[in-house]
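Residue-level structural notes
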Amino acid sequence: MSEKEDTSEELEDITSQFSKESRSWSVEEPGFTKETSNSLTEASDGKPSNQICETPPRKEALSIHDDTSTSSSGKNQIQKIPSEICNLKGIQKLNISSNQFIYFPIELCQLKSLEELNISQTNGRKLTRLPEELSNMIQLKGLDISNNAVREIPRNIGELRSLVSLNACNNQISYLPPSFLYLSDLQQLDLSGNNLTALPTGIYNLFSLKEINFDGNPLLRPPMEICKGRQLYTIARYLQRADERDEKILEKIFKIVAKNITETNFEFLCQKLNLAISETDMSTKSTVSLSERVHQALDRWKMESNDLSLTTAALRDQLTRALTIIGAYEIIDKITALKLFTCAIKF
């Protein structure tokens, strides 16, 4: 066998070994890319070996996934990311999809240069939660957490101010935290296949949104029919009108309560709503009517609750529960009659 043939067989062995390893752990950086494999193949055909590493520099990216998952049933078995990954100061793209993580690898949250993260688990172990430390990745523009079992989006998600694309389809998300409305650069949002029953009214503040998908959610507010068109203006307009309607209903409920509650039940109601009776209320007790004091107290409770980002519908339900607990059944009957009436008319 000639020296040339020996060299060709050796390079073919190297190429084969490289191809096997790259399926589960491939690194793209200057001098070590997928093109290296192609160059080795060309060299094995007899081309000069000095062509093997002539590859232009690229942005640093790390991929830990099965590149052949579309044509095979193989899965990766990575359960933990080494803490040393934080030493990759310039890494911008990371794909760790379809692996066997027991928990979200919190080590990743130290990668402040990261711009794209894919932790979709189509063929891997499903994650159930995301850490609040995720907000440390301040440069993150693209986040793919699809095909997991995540129940909640971190309450500080709004700190990811650079986020442009969020794919959270096929999870178990039932609620969007208030800070979600701070994602002013968000352009693509996929929340299809989750457990959302309501969208926040302030979603119209996400002016940059161009692509939205809420299909496959048990939405009541707005109804799924409104969301099928995937038009943000239509959704926002419906929510605004619904809020105006809820505000009018809540004001009518306040009047019913103020007109029908007793002094004793009023004190019990304040306790259930965690609403302290101020010294001013006590000093005006003899000069201001009970009805007026009740209405002032409920207005104050509403203002304090708005600071907690509670919706008008949530306030109405909370008030109704408190009235039920203190046994104000006559008032409950009147509120129920109001709800039935408002279902049949438009304000």
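Residues numbered from 1 in each chain as written. Predicted model: local features only at pLDDT ≥ 70, side-chain atom pairs only at ≥ 80, totals over all residues. Heavy atoms only, no water.

An unreviewed UniProt entry annotates the chain as Leucine-rich repeat and death domain-containing protein 1 isoform X3 originating from Equus przewalskii.

Focus on the side chain of E107
Checked against the element boundaries, E107 lands in the loop between β3 (93-95) and β4 (116-118). Despite being buried, E107 has no salt bridge partner; K80 is the closest side chain of opposite charge, sitting 5.4 Å away. In contact with E107, other than residues within four places in its own chain, are K80, I81, P82, S83 and I85. (Helix = DSSP H or I, 4+ residues; strand = E, 2+ residues; numbered from the N terminus. Buried < 20%, exposed > 50% of the residue type's maximum accessible area, 1.4 Å probe, protein only. Lys, Arg positive; Asp, Glu negative; His and termini not counted. Salt bridge = Lys/Arg side-chain N within 4 Å of Asp/Glu carboxyl O. Contact = heavy atoms within 4.5 Å.)

Some remarks on the packing of aromatic side chains
One pair of aromatic rings is described through two measures. These are the centre distance and the angle between the planes. Counting across every chain of the model gives 1 aromatic pair. Plain terms: the ring middles of F254 and W301 are 6.4 Å apart, the flat faces sit at 55° to each other, and that makes the pair tilted. Residue F254 is located in helix α4 (residues 232-260), and its partner W301 is located in helix α7 (residues 290-306); the two are separated by 47 residues in the primary sequence. The pair formed by F254 and W301 is uniform in burial state, with each residue classed as buried. (Phe/Tyr/Trp six-rings, centres within 6.5 Å; stacked < 30°, edge-to-face > 60°.)

Things to note about the packing of helix α8 (residues 312-325) against helix α9 (residues 329-342)
At a minimum axis separation of 9 Å, α8 and α9 run at an interaxial angle of 150°. What the angle tells us is that α8 and α9 run roughly antiparallel. α8 and α9 meet at a crossing whose hand is left-handed. Facing R316, T320, L323 and T324 of α8, the residues of α9 in contact are Y329, I331, I332, I335 and K339. (Axes fitted to C-alpha atoms, helices over the stretch in contact; angles between N-to-C directions. Parallel < 35°, antiparallel > 145°, perpendicular 65-115°, else oblique. Left-handed = near helix turned anticlockwise from the far one by under 90°.)

A few points about α9
Working note: α-helix, 3.6 residues per turn, so residues spaced by three or four point in the same direction. Helix length check: α9 (14 residues) gives 20 Å between terminal C-alpha atoms against 20 Å at 1.5 Å per residue, within 8%. Turning to α9, its buried residues number three or more, namely I331, I332, I335, L338 and T342. Each buried residue of α9 lies within a common arc of 120° when the element is viewed along its axis, so the set occupies one face. Exposed residues on α9 whose side chains face more than 90 degrees from its buried face are Y329, E330, D333, L340 and F341. (Expected span 1.5 Å × (residues − 1). Arc of directions from axis to C-beta.)

A short note on the confidence of the model for the chain
When pLDDT is averaged along the chain, the result is 79, and 73% of the positions lie at 70 or above. Of all the helices and strands in the chain, helix α2 (residues 34-44) carries the lowest mean pLDDT, 37, while strand β6 (residues 165-167) carries the highest, 98. Every residue in residues 13-59 scores below 50 in pLDDT, and together they form 56 contacts with partners more than four places removed in sequence or on other chains. Note that residues 65-74 has pLDDT below 50 and, in this model, 15 contacts with residues that lie over four places away or in other chains. (pLDDT = per-residue confidence, 0-100.)

Thoughts on the packing of α7 against α8
Between two packed helices, the angle of one axis relative to the other and the distance separating the axes together describe the packing. It is at 11 Å that the axes of α7 and α8 come closest, and there the two elements cross at 130°. By the angle class used here, α7 and α8 are oblique. Two packed elements cross with a definite hand, and for α7 against α8 that hand is right-handed. For the pair α7 and α8, contact is made by L298, W301, K302, S305 and N306 and by L315, Q318 and L319, respectively.

Some words on empty space enclosed by the protein
Overall, the coordinates contain 2 cavities of 30 Å³ or more when judged by the stated rule. Taken as a whole, the second largest cavity holds about 40 Å³ of empty space. Lining of the second largest cavity is provided by L130, L134, L143, I145, I153, P154, I157 and L166. (1 Å grid on protein atoms, 1.4 Å probe; cavity = no way out; pocket = protein on both sides within 12 Å on 5 of 7 lines; lining within 4 Å. Points joined across faces, edges and corners; volume = space filled by probe spheres on them.)

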